[in-house]
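An overview of the molecular structure
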Amino acid sequence: MYDVVLLTLSSERDAPGGCGSGGACCGGATGTDTGVNGSDGAADGTATDAGTDPGGTSGDGDRCATDRPRVPVLACADALTARGARVQTVTARSDAEIDAVLAQLDGPARPDGLTWPDSDGKTRLVVATASDGQLRAVLRRLVRRYAPPPSRRPADLRNDRTLPDLPPVAVLPLDPARGGTHRDLAAQLGLPRDPVAVAAAVLDGTPRRLDLLRNDGGSVTLDGALLGAADDAGRPLHWRARVEVDDAILTDGDEPLLACAIGNAGGYASLDDVTLLAAPDPADGQVEVAVAVPVVVRSALGRKRVRLEVRRARGRAVSVLPREGKVPYLDDGVEGELTRKRSWWIEPGAWAVWVV
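Chains are numbered independently. Their residues run from 1 in the order of the written sequence. Given that this is a predicted model, residues contribute local features only at a pLDDT of at least 70 and side-chain atom pairs are listed and counted only at 80 or more, while totals for whole chains, interfaces and linings are drawn from all residues. To obtain the side-chain values, all non-hydrogen atoms of the structure were included, while hydrogens and water were left out.

1. Notes on the packing of aromatic side chains
The geometry of an aromatic ring pair is captured by two quantities: the separation of the ring centres and the angle between the planes. To be explicit about the condition: Pairing of aromatic rings covers Phe, Tyr and the six-membered ring of Trp, with a centre-to-centre limit of 6.5 Å; geometry is then stacked below 30 degrees between planes, edge-to-face above 60, and tilted otherwise. By definition here, charges over rings are those cases where NZ of Lys or CZ of Arg is within 6 Å of the ring centre and within 35 degrees of the ring normal.
Counting across every chain of the model gives zero aromatic pairs. In this structure, Arg124 packs its charged tip against the face of Tyr2, placed 3.9 Å from the ring centre. The residue whose ring lies beneath Arg124 is Trp354, and the NZ or CZ to ring-centre distance is 3.8 Å.

Spelled out as C-alpha cells, the structure:
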C-alpha cells in the first residue's frame, strides 16, 4: 500500500511573499524576492505565489501557528486511511517545508549525483489548493528540485525537455465554488473535487501527463498568463510590447495593445466577450498566444470606428518585450508586473495529475 502525503500551503492573505515565492508561507514574508534566471522568484521581483490562506487565517505568526487542516483535507485523509494507506498531513509555511515533503519523492542515488524523481515510488502526493497559484508553487519547487543545470544535462533526458518527468500529484480543491463560473485548473481538467473521489484517484488512478510552461524568470505556468490592465472604470489601458511566438511576430511593439494571452490551458481564453485563445490544449506540446489590437477603420460613409483585431499563433516558445513602463499581468492567478523581456517555453508532458 502507498504512503500518501496531504500537503496544504499556509500563507498570509495578500502578503508580498508566500509558499513557493522564496518567502515565508505564514506570518509574513521574508521580503520581496529579487531572484533572476533560475532563482525561485520572478525576474522583476514583483510576482509571488502567495495564495489565499488555506487555514482561513491572515495575520501574525501566532495566528498561523493555530492552522488546522480544513474539512476536505480531513475527509480525504479518512478516505485514504480507510483504504489502508499510511497518511501524513503537512501544512507547509516555507519553501523549506515544501522541499522536505518533496524529498520523499526522490529516487535512488544516481551515478551522476543528480537528484531525480522515483519512477516507481510508493509515496504519493496530494496538494490541497485554495488557488491555482498554490498548485503552481508546489510545481515550481518540484522543478527547482529535479531540473538539472545545463552544464550537467544527463544523456537520459528527453531532447525536447530540460527536466525529467515530474512525479504525479493529486489535486484537492479546497473551494468547491471554483468549479462553477470561476473555472480553476482542476475544473478545466475535469479533476474530481470530492475528497473521497480524490482519494480514489490517488490509489487507483493513472497519471495524466500535461505540458508545463517554464520561463526565464525562474517560475512555471500551469494554466496561462494574461498581460494588460484596466482603469478604475474597467476600461482597458493601451500598452506596447513586441510579442514573438517561435519565428512569428504578432506585434513589433509600435502599435497599442489591449491584452496578450499566453495559454497552456484555457483559463485566459476569453476576456469579457472577446475570445482570445481559440483552442488551448494543456497536452499538445504547444503554447497558444493571442494579442488584442485596437484597429481604426472607416465605414462606407467615412466615419471612424475602432474594431478589435485578435492575432493568434501557436508554437514552442513565446517572448514579450515591453516597450514602455510596466505591464501588469496575471500568471496562474498571481499578479505581477513585467518590466523587461520575459520568455516562456513548453516542457511537453513534464508534469502529471492522478486521474481515474
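2. Thoughts on helix H2 (residues 71-82)
Our working definition: Numbering of helices and strands runs from the N terminus, with a helix taken as a DSSP run of H or I at least four residues long and a strand as a DSSP run of E at least two residues long. In a helix, the anticipated span is given by 1.5 Å times the number of residues less one. Between buried and exposed lies partly exposed: a residue is buried under 20% and exposed over 50% of the maximum accessible area for its type, with that area taken using a 1.4 Å probe on protein chains only. Note that the arc is defined by the directions from the helix axis to the C-beta atoms. A contact between two residues is defined here by any heavy atoms of the two lying within 4.5 Å.
Here H2 spans 16 Å end to end across 12 residues, near enough to the 16 Å set by a 1.5 Å rise per residue. Taken together, the buried positions of H2 are occupied by Pro72, Val73, Cys76, Ala77, Ala79 and Leu80. On an axial view of H2, the arc spanned by its buried residues comes to 165°, and they lie on one face. Every exposed residue of H2 that faces more than 90 degrees away from the buried side is listed here: Val71, Asp78 and Ala82. Elements that come into contact with the buried residues of H2 comprise strand S1 (3-9), strand S2 (86-92), strand S3 (123-129), strand S4 (169-173) and helix H6 (195-204). Gly84 lies just past H2 and shows a positive phi near 95°.

3. A few points about unusual backbone geometry
The phi torsion at Asp272 lies on the positive side, around 55°, for a residue other than glycine. Checked against the element boundaries, Asp272 lands in the loop between strand S11 (270-271) and strand S12 (274-275). For Asp272, a relative accessible area of 74% corresponds to the exposed category. For Asp332, which is not glycine, the phi dihedral falls at a positive 55°. Summarising the element assignment, Asp332 is placed in the loop between strand S16 (327-331) and strand S17 (334-338).

4. A look at the pattern of salt bridges
Pairing between side chains of opposite charge can happen when their charged atoms approach one another. Cut-off, in case you're wondering: Any carboxyl oxygen of Asp or Glu within 4 Å of a side-chain nitrogen of Lys or Arg constitutes a salt bridge here.
Throughout the structure, instances matching the rule amount to 21 salt bridges. Across the salt bridge formed by Asp112 and Arg110, the nearest N and O atoms sit 2.8 Å from each other. When its relative accessible area of 33% is taken as the criterion, Asp112 is described as partly exposed. When the shortest N-O distance is used, the salt bridge between Asp231 and Arg235 registers 3.1 Å. For Asp231, a relative accessible area of 25% corresponds to the partly exposed category. With a relative accessible area of 54%, Arg235 lands in the exposed category.

5. So, the pairing of strand S10 (residues 259-263)
Rule in force here: Only when DSSP finds a minimum of two bridges between them are two strands counted as paired.
For S10, a buried count of five out of five residues is recorded, marking the element as mostly surrounded by other parts of the structure. A two-sided burial pattern is seen for S10, the buried positions comprising Ala259, Ala261 and Gly263 on one face and Cys260 and Ile262 on the other. Here strand S7 (residues 224-227) runs beside S10; their pairing, made up of four bridges, is antiparallel. If you follow Ala225 over to S10, its bridge partner there is Ile262.

6. Topic: the nonpolar core
Under the convention used in this document: Residues grouped as a nonpolar core are buried Ala, Val, Leu, Ile, Met, Phe, Trp, Tyr and Cys residues, joined through side-chain atoms within 4.5 Å.
Counting 36 residues, the largest nonpolar core has Leu7, Leu125, Leu135, Leu166, Leu212 and Trp351 as the members making the most contacts within it. Ranked by the residues each element gives to this core, the list is headed by helix H4 (residues 132-146), at seven residues. Discounting residues that sit within four places of it in the chain, Leu135 has contacts with Val127, Thr129, Val169, Val171, Leu185, Leu222 and Trp351.

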